[in-house]
Amino acid sequence: MSWNHSRQIGQAQVHSLTDGQFRLDGGAMFGSVPRVLWERAAPADDLNRIRLRINPLLIQLGGENILVETGFWDQGGEKFEGMYALDRDETVFRGLDRLGLTPGDIHLVINTHLHFDHAGRNVTLLGDPTFPNARYVVQKQELHDARHTHERSRASYIPAYIDPILDAGLFDVVDGEHELRPGLSVLPLPGHNLGQQGVVLRSEGQTLVYVADLIPTLAHAPTPYIMGYDLYPVTTLETRKAHLGAWFEQNAIICTPHDPDAPFARLHENPKGGFTLTADR
């Protein structure tokens, strides 16, 4: 299976990578939405789990290689991987290799948040930084919350891939919206958790947005389709309302972190209100 898909966004080259497939409970993924509605877009297996994918993004801009997300934690063991039906049909490393890159060629890593399915490849099996020449960008709120967990968040954060980056002084901690490079910014997108950030790329009149778990798959674009995993679902709703209209007006390319089939999408107005997402082939 070869997943790599690419887009030219002005002066930037963007590549959608993958770190494999996994499954999560469909009811949890769609919250209060009845199964009779969500299963049309996301069929479930006999354990009620839907197919998802881990979709990091590589942005090549101004001579730098910038990686958004690092991938699914690879030290959980057989029981952990079985629970999530993890299938490494592809890896972020093979995707980089096909582009002629190694982990040492990455200049900047952006952690949208520090959950194990997004930042789990921050470190190697030996506990060293996977991308030794990179700085790792994270929101101040997210780093605090990852180190001060509670009963609902504890399972999502694993110190083994967070503490080594912190101890090595490799985190670039930002607080709120921040321009990392000309045309490349991070934007707070709270709701799934308080410290989640998205990535906005603007170049030559084009816009691309990596939305993180604000919209985990294309099927989650309708307003009420909010995950049961979100710690602050009403905040998710408010964040969507604050940004989706502008992204629609900008005809932005939308990249979701977990859609199993479509690396790039566009927003469309829903006649019943809100927006839908369709694949941009």
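Residues numbered from 1 in each chain as written. Predicted model: local features only at pLDDT ≥ 70, side-chain atom pairs only at ≥ 80, totals over all residues. Heavy atoms only, no water.

Moving on, we get to the layout of surface pockets. One number sums up the size of the largest pocket: a volume of about 400 Å³. In terms of lining, the largest pocket is formed by 20 residues, of which the most central are His-115, Phe-116, Ser-156, His-192 and Tyr-229. Residue assignment for the lining of the largest pocket shows that the elements contributing at least two residues are β3 (21–25) and α5 (116–119). Here the element with the most residues in the lining of the largest pocket is α5; it accounts for three residues. Taken as a whole, the second largest pocket spans an internal volume of roughly 180 Å³. Lining the second largest pocket are 17 residues; nearest its centre among them are Ala-41, Ala-42, Arg-51, Pro-260 and Asp-261. At three residues, the largest contribution of residues to the lining of the second largest pocket is made by strand β4 (residues 49–53). Each residue belonging to the lining of the second largest pocket can be placed in one class, and the counts come to eleven nonpolar, two polar and four charged. (1 Å grid on protein atoms, 1.4 Å probe; cavity = no way out; pocket = protein on both sides within 12 Å on 5 of 7 lines; lining within 4 Å. Points joined across faces, edges and corners; volume = space filled by probe spheres on them. Helix = DSSP H or I, 4+ residues; strand = E, 2+ residues; numbered from the N terminus. Nonpolar A, V, L, I, M, F, W, Y, C, P; charged D, E, K, R; others polar.)

Looking now at the nonpolar core. Grouped together as the largest cluster of nonpolar side chains are 43 residues, with contacts concentrated most on Phe-30 and Leu-114. Where this core is concerned, the elements lending two or more residues are β3, α1 (26–30), β4, α4 (92–98), α5, β8 (135–139) and α6 (140–147). (Core = buried A, V, L, I, M, F, W, Y, C linked by side-chain atoms within 4.5 Å. Buried < 20%, exposed > 50% of the residue type's maximum accessible area, 1.4 Å probe, protein only.)

Right, let's get into the packing of aromatic side chains. Tallying each qualifying case throughout the model produces twelve aromatic pairs. The interplanar angle of 55° and the centroid separation of 6.1 Å between the aromatic rings of Phe-72 and Phe-80 together place this pair among those described as tilted. By relative accessible area, which is 13% here, Phe-80 ends up buried. Ring centres of Phe-72 and Tyr-84 lie 6.1 Å apart, and the angle between their planes is 65°; this geometry places the pair in the edge-to-face category. Linking Phe-72 in the loop between β6 (64–68) and α3 (77–83) with Tyr-84 in the loop between α3 and α4, this pair joins segments that are twelve residues apart in sequence. Residue Phe-72 is classed as buried on the basis of its relative accessible area, which comes to 0%. Pairwise contacts between aromatic rings join Phe-22, Phe-72, Trp-73, Phe-80, Tyr-84 and Phe-116 into one cluster. (Phe/Tyr/Trp six-rings, centres within 6.5 Å; stacked < 30°, edge-to-face > 60°.)

This next bit is on helix α8 (residues 233–249). Taking 1.5 Å as the rise per residue, α8 with 17 residues should run 24 Å; its terminal C-alpha atoms sit 25 Å apart, in good agreement. Where α8 bends most, the angle comes to about 30°, and this point is His-243. What α8 keeps buried is the set Thr-236, Thr-239, Arg-240, His-243, Leu-244 and Trp-247. Those residues of α8 that are buried lie in contact with β11 (184–188), β13 (206–210), β14 (253–255), β15 (265–269) and β16 (275–279). Positioned one or two residues after α8, Asn-251 has a phi angle of 50°, which is positive. (Expected span 1.5 Å × (residues − 1). Bend = angle between axes of the 7 residues up to and from the residue. Contact = heavy atoms within 4.5 Å.)

None of the figures reported here should be taken as evidence of function without further support.
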